[in-house]
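Analysis of the macromolecular model
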Amino acid sequence: MITRSRLFLLTLLALAGMLTFFKIPLASSQGVTIAAAQVAGALPLDDVASAVWEESTAVSIPLSAQIVARPMFPDANVKAVDVRALYNDEQIAFLVTWEDETMDDTAVRVQDFADAVAIQFPLVEGQPFFCMGQQGGNVNIWHWKADWQAGLATRQDVDDVYPDMYVDGYTFADTEAGAIAPVSSYEDINYVPAMAADNLFASASYASPVEDLIAGSFGSLTSQPAEMQNVLGHGEFTDGKWRVIFTRDLQSPAAEDAQFENNQVYQLAFAAWDGANEERNGQKSTSQWISLQLGEPAAASGATGAAAPDGTDGSGGQSSANTLEGLPYIFVPMLLVFGAIVGVAAGIWVFSRLPDPKK
Amino acid sequence: MAEVYNWQLGRPMEYVYEEAHPNRQFAAIFNINRCIGCQTCTGACKATWTFSKGQEYMWWNNVESKPYGSYPKYWDVKILQQLDEAHQTAGRSAEWDPAQTGEQSPYGIYNGMTVTEAATELNTGNQALGYLPPDNEWSAPNFYEDTATKYQGDRLGISTEGAALPVHQTWFFYLQRICNHCTYPACAAACPRKAIYKREEDGIVLIDQSRCRGYRKCVEQCPYKKSMYRGTTHTSEKCVGCYPRVEGNDPLSDGVPMETRCMAVCPGKIRLNGLVEIAEDGTWVEDLQNPLYYLIRGEQLALPLYPQFGTEPNIYYIPPRWAPRPYLRQMFGPGVDQAIERYSAPSRTTLALMQLFRATQTMVFKFEIEEGPLVREIERNGQAWQMYDDTVIGFDAKGREVARLSVVEPLHERPKERLNSI
Ligand code: SF4
Ligand code: SF4
Ligand code: SF4
């Protein structure tokens, strides 16, 4: 016979099952705040081991697999990232570290995917949908890629991964160079169409390992124009750990960029990809929104501070990121929450009506 | 998920986007019976589009020897296996009901699942079934050409009967493959960025090189494996349907649509390329004077490749007469037997029309037939069959005559004094 204690046990089991099924971490990141430490001197732009990082407390942020939109991948590998933040009068820097069994820093062969990590900032007040924003709620994304890092000095090329390849010469490239002619030597870039189309992925060289993007829903991710790419970065892999630094000026001239001021609280979220697990695009681990605190926020200006510059509501400016539908997705988590509330209410009602064995 | 109508399956099916159809659709017929495996088509495409760095392994056009050759290796076996396993898991069977034919279900009704439907059924988290072929699988499109199947020979291994129709004991055939410029492209469904689009003017499917971020979801989910990753640009590329020629913008084209490079070079004269008119609801507008419409929808002589994948591919094949029927039925659907029967004893119009293959580089939009005399009477498929020396005339998009050929080719006899001259 079903008694209150048995039902309680069953409910607990069902709840645990649901949490496992939906990969909901028990340790919620909600309410976590990264306190950025203000430093007087220069920020460690490319020194992941600098003692200056110790001035900020590392915050561990749990990540879970993206399971809202296809393609999704419940078995995403990165479970958490540790984050520290520093700022001075001009710049802000983040150090993001996470564990990864393999260093995947090439994407030349068809089966190779690179490790990556990203930080996302809302461009509107409050918290738009935590995955890629939503219509009318654009987000600014800084995306560091291990292969861009590895290709900073010289872009990785097919002759790097296939050193024994032989080619007489590539027409329209440096024909004398044979197999080692770099793509940047093409006289007529129409034969490198992605380069001709100004795709940053195909640029002859990378100015930074971090790509600066905007998004306004799933599928809308758009790279900012080359001249607006202003996020610097540096990543190193040692002892099964990636350590990646992101740096940018506190204020950016780009309309669709996050802006930072002292004594404010901002929202941000993280995502990470394990290349060895073929993770890319929506097949990733993400965090919920996290708070980022610069200095001592005045009581009133606190909670709502968004990285949106004045006058930007996220729907103006570069609207290309906004034209695709994404709104339905925000209903998925809303539905889940609503379902949970209804479930709990129904549970309490049933519970109250069952015989209590103690009586 | 939206519901769209797939006439090749004779039923509505699930697809990620709502129906939206081009005004005209790029289509072609490949007559497998005539292909000599010379790979001129393959070379023409490579010399036009894929000779640059990072494209070394790209053969947007490839000709593979069936049953063992494939590019990438075993693509067909692998995707068929995935689809089969999906049916087993779901407790369903991938069967056709060929009895239920109708105007919008010419091959009957497919009762199994497509690659898209199976992905939903199995909750794969993706839009379609698929896999990413690693670099070592992009090799060896042609092997076991002459020893494809074993036959029982005499003591010396020599066949006692030789080969005879309807099915040769030892068989293989060439399968010519380009992107199918599908009506419901799985590559476009798979792309999380909507970087793949189908052109309104001709239904050619292209990857926007400015939006592609090299996720390779299209490489993974095109069931025909016709989207390919370029390591030097970190973007995927695919057959572009030679769109400047199809648009009529090629300097040679005189402002009218021209056949693509791979079609126009074919010495085996196996290919016919053109555009068919599409109604708003996706149906083919009836036009029995259009050679493609006549052979694909009228005579049903040419059939789609693996229609059960559900992408509604737009390259149509005249199946090889000598290959085992179960293999062909799996490959081209239930219309195979009728197509082979009609190809073996072609109608008067079909025979004349077959002369148009590779008669001109210009796309033929309309044909006419001038009747000629009876030249031959033989038995075919157990019945009397007559051959007439009819003349077929092809017209371009502007209605100008671009080709005129008769069934009996003109015969020139070499004069006695030049018998041995080369
Ligand atoms: S054959 Fe493949 S690449 Fe071509 S349109 Fe169809 S799904 Fe896309
Ligand atoms: S249509 Fe053009 S691009 Fe496509 S395979 Fe043929 S030659 Fe290559
Ligand atoms: S050019 Fe024609 S005959 Fe030669 S392999 Fe290609 S399709 Fe076959």
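About the thresholds
- Residues numbered from 1 in each chain as written.
- Chains lettered and ligands numbered in written order.
- Predicted model: local features only at pLDDT ≥ 70, side-chain atom pairs only at ≥ 80, totals over all residues.
- Heavy atoms only, no water.
- Helix = DSSP H or I, 4+ residues; strand = E, 2+ residues; numbered from the N terminus.
- Buried < 20%, exposed > 50% of the residue type's maximum accessible area, 1.4 Å probe, protein only.
- Contact = heavy atoms within 4.5 Å.
- Areas by Shrake-Rupley, 256 points an atom, 1.4 Å probe, with all protein chains shown as cover.
- Rg over C-alpha atoms; globule rule 2.2 N^0.38 Å.
- Lys, Arg positive; Asp, Glu negative; His and termini not counted.
- Charge placed at Lys NZ, Arg CZ, Asp CG, Glu CD.
- Pairing = 2+ DSSP bridges.
- Axes fitted to C-alpha atoms, helices over the stretch in contact; angles between N-to-C directions.
- Near = heavy atom within 4 Å.
- Nonpolar A, V, L, I, M, F, W, Y, C, P; charged D, E, K, R; others polar.
- Buried area = accessible area lost by both parts, 1.4 Å probe.
- Salt bridge = Lys/Arg side-chain N within 4 Å of Asp/Glu carboxyl O.
- Phe/Tyr/Trp six-rings, centres within 6.5 Å; stacked < 30°, edge-to-face > 60°.
- Patch = residues over 30% accessible without salt bridge, like charges linked within 9 Å, V, L, I, M, F, W, Y side chains within 5 Å.
- Domains from an automatic or database assignment.
- Core = buried A, V, L, I, M, F, W, Y, C linked by side-chain atoms within 4.5 Å.

Let us now look at the overall build of chain A. In terms of regular secondary structure, chain A is built from five helices and 14 strands. In chain A, which comprises 359 residues, the proportion classed as buried is 49%. Within chain A, counting contacts between residues at least 6 apart in sequence, those at least 24 apart form 69% of the total. As displayed, chain A offers around 16,900 Å² of accessible surface, 59% of which is attributable to carbon and sulfur atoms.

As a further point, take the overall build of chain B. A count of helical and extended segments in chain B gives 11 helices and 19 strands. Since a compact globule built from 422 residues should have a radius of gyration of about 22 Å, the 22 Å found for chain B is in line with a globular shape. Across its three principal directions, the C-alpha atoms of chain B cover 70 × 60 × 45 Å. Out of the 422 residues in chain B, the part that is buried amounts to 58%. Just so you have it, chain B exposes about 17,400 Å², and 48% of that area is on carbon and sulfur atoms. In chain B, 44 positive and 51 negative side-chain charges are present, and the distance between their average locations comes to 7 Å.

All names here are of chain B. The strand order β15-β18-β19 describes an open sheet built from three strands, whose pairing is antiparallel. Strand pairing shows two members of the sheet lacking a second neighbour, β15 (366-370) and β19 (401-406), which therefore form its edges. Averaged over all neighbouring strand pairs, the angle between strand axes comes to 20°, with direction disregarded. Alignment of β15 against strand β18 (residues 391-395), held across five bridges, turns out to be antiparallel. For Glu 370, the partnering residue across the bridge sits in β18 and is Thr 391.

Let us look at the side chain of A:Thr247. Residue and element names in this part refer to chain A. By secondary structure assignment, the location of Thr 247 is in strand β11 (residues 241-249). Given the relative accessible area of 1%, Thr 247 is considered buried. Not counting residues within four places of it along the chain, the set of residues in contact with Thr 247 comprises Leu 45, Gln 91, Ile 92, Ala 93, Asn 230, Val 231 and Leu 232.

All names here are of chain B. All residues adjacent to ligand 2 are Cys 45, Trp 49, Trp 60, Asn 61, Ile 178, Cys 239, Val 240, Gly 241, Cys 242, Thr 260, Arg 261 and Cys 262. Those elements giving two or more residues to the shell around ligand 2 turn out to be α1 (40-49) and α7 (261-264). Here the shell around ligand 2 is built from residues that sort into eight nonpolar, three polar and one charged.

Near ligand 1 the following residues occur: B:Cys179, B:Asn180, B:His181, B:Cys182, B:Pro185, B:Ala186, B:Cys187, B:Val205, B:Cys222, B:Tyr224 and B:Lys238. Looking at the shell around ligand 1, its residues break down into eight nonpolar, two polar and one charged.

A few words on the interface of chain A and chain B. With 48 residues of chain A at the contact, the number on the chain B side is 39 residues. Across the chain A to chain B interface the summed buried area is about 3,600 Å²; carbon plus sulfur atoms make up 52%. When the buried surface of chain A facing chain B is broken down by residue, A:Arg70, A:Val110 and A:Phe201 rank first, second and third, together holding 21% of it. For the pair chain A and chain B, the number of links is five salt bridges. A salt bridge links B:Asp135 to A:Arg109, with the nearest nitrogen and oxygen atoms 3.8 Å apart.

Next up on the list: the packing of aromatic side chains. Evaluated as defined, the whole model comprises 39 aromatic pairs over all chains. With 6.2 Å between their ring centres and 70° between their planes, A:Trp142 and A:Phe260 make a pair best called edge-to-face. Placement of A:Trp142 in strand β7 (residues 139-145) and of A:Phe260 in the loop between β11 and β12 (264-273) is noted, with a sequence separation of 118 residues between them. Of the two residues, A:Trp142 and A:Phe260, both sit in the buried class. Judged by centre distance (6.4 Å) and plane angle (10°), the ring pair of B:Trp7 and B:Tyr316 falls under stacked. With B:Trp7 in the loop between β1 (2-6) and β2 (11-15) and B:Tyr316 in strand β14 (residues 315-318), this pair connects stretches of sequence that are 309 residues apart. Neither B:Trp7 nor B:Tyr316 differs from the other in exposure class; each is buried.

A few words now on a negative patch on the surface. Residues and elements named next belong to chain B. A surface patch of like charges, here negative, comprises Glu 3, Glu 18, Glu 19, Glu 280 and Asp 281. Counting through the fold element by element, Glu 280 comes out in the loop between β12 (271-277) and α8 (291-298). A relative accessible area of 80% places Glu 280 in the exposed class.

It is worth spelling out the domain arrangement of chain B at this point. It is common to give the size of an interface as the accessible area lost on bringing the parts into contact. Residue and element names in this part refer to chain B. Per the domain assignment, the segments of chain B are domain 1 (2-150 + 169-343) and domain 2 (346-406). A separation of 27 Å is found between the C-alpha centroids of domain 1 and domain 2. The interface of domain 1 with domain 2 comprises 37 residues on the first partner and 23 residues on the second. Interface area, domain 1 with domain 2, both sides summed: about 2,500 Å², of which 60% is carbon and sulfur. Among the residues of domain 1 in contact with domain 2, Val 256, Gln 289 and Pro 291 are the three that bury the most area, contributing 21% of the side total.

Within the secondary structure, B:Arg297 is located in helix α8. One buried charge, B:Arg297, has no salt-bridge partner; the nearest side chain with opposite charge is B:Glu312, at 7.0 Å.

All names here are of chain A. Tracing the backbone shows Met 195 in helix α4 (residues 193-196). When its relative accessible area of 13% is taken as the criterion, Met 195 is described as buried. The contacts of Met 195, once residues within four sequence positions are left out, are Val 183, Ile 189, Ala 202 and Ala 204.

Quick look at the nonpolar core now. If you look at the biggest cluster of nonpolar residues, it comprises 115 residues, and the most contacted ones within it are B:Phe173, B:Leu305, B:Phe309 and B:Phe332. Counting residues in each nonpolar core, the second largest holds 37 residues, with A:Leu63, A:Phe94, A:Ala114 and A:Val244 among its members.

Our next topic: the pattern of salt bridges. All names here are of chain B. Taken as a whole and assessed by the stated rule, the structure comprises 26 salt bridges over all chains. Between Glu 401 and Arg 404 there is a salt bridge, with the nearest N and O atoms lying 3.0 Å from each other. Overall, Glu 401 belongs to the partly exposed group, its relative accessible area being 44%. Residue Arg 404 is classed as partly exposed on the basis of its relative accessible area, which comes to 44%.

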